[in-house]
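Structural description and commentary
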Amino acid sequence: MSIEFLSLENIQEIARQYGYWAVFIGIALENTGIPIPGETITIVGGFLAGSGELGYWVVLGSAIAGAVIGDNFGYWIGRWGGWPLLIKVGSFFNISTRQLEDVRNKFSKNAAKAVFFGRFVTLLRVFAGPVAGIAQMPYYRFLLCNLGGATVWALIMVSLSFFVGKLVPLPELIHWITQFGILALIAVIAWVGMTLWLEFKKPGLEGKD
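Computed from a predicted structure; not experimentally measured.

The rules we used
- Residues numbered from 1 in each chain as written.
- Predicted model: local features only at pLDDT ≥ 70, side-chain atom pairs only at ≥ 80, totals over all residues.
- Heavy atoms only, no water.
- Helix = DSSP H or I, 4+ residues; strand = E, 2+ residues; numbered from the N terminus.
- Buried < 20%, exposed > 50% of the residue type's maximum accessible area, 1.4 Å probe, protein only.
- Expected span 1.5 Å × (residues − 1).

1. Some details on the overall build of the protein
Across its full length, the protein holds nine helices and zero strands. Counting from the amino terminus, the protein carries its helices and strands in the arrangement α-α-α-α-α-α-α-α-α. The buried share among the 209 residues of the protein stands at 43%.

2. Quick look at helix α3 (residues 38-50)
The terminal C-alpha atoms of α3, which comprises 13 residues, lie 19 Å apart, in line with the 18 Å expected from a rise of 1.5 Å per residue. The element α3 is largely enclosed, with a buried count of twelve among its 13 residues. Residues Gly 38, Glu 39, Thr 40, Ile 41, Thr 42, Ile 43, Val 44, Gly 45, Gly 46, Phe 47, Leu 48 and Ala 49 constitute the buried set of α3. Taken from the residues just after α3, Gly 52 is the one with a positive phi, measuring 90°.

Printed below as a string of structure tokens:
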């Protein structure tokens, strides 16, 4: 989810004025961990390519490059300074370092999936890179998952807006994609919640035995 402090009209104007740089910088900042509407800017870029104002392949390349570079910044920010910051935040909410370590270890087991598929999930797209760095995910694995996920995500987003945007109004298309991201987030939260519930329930079951 992004902070929608810009209207769609403003985003279209920015994309028209700055073209490929708007797509590159927008998605790069979002993937660094800054909650701006990078995905919307990318969709608008694909839409403008479909109307002939921008080139499809350059928009696609800008989106992939921005996603990869942004996630790399997020990863190293998380790896170099994210853990001490997380401990401070955790202590404020009365969460122990041991509990945070347990969560970090659980994330590490699914880090590759989170980085690859996280781009399609609202909020996770913003935090996957920094959290992967905090979890000390090996960089070469992160780089491969990051590049693969960025390529697939950008290809789908830009192609959808390029082709479907010729048939469906841009606001409606963005609404559909946003709703998909929110539903994916709900599914992830439900899965994580169920996993944690089962994990916490095990000691209770063992105690009864």
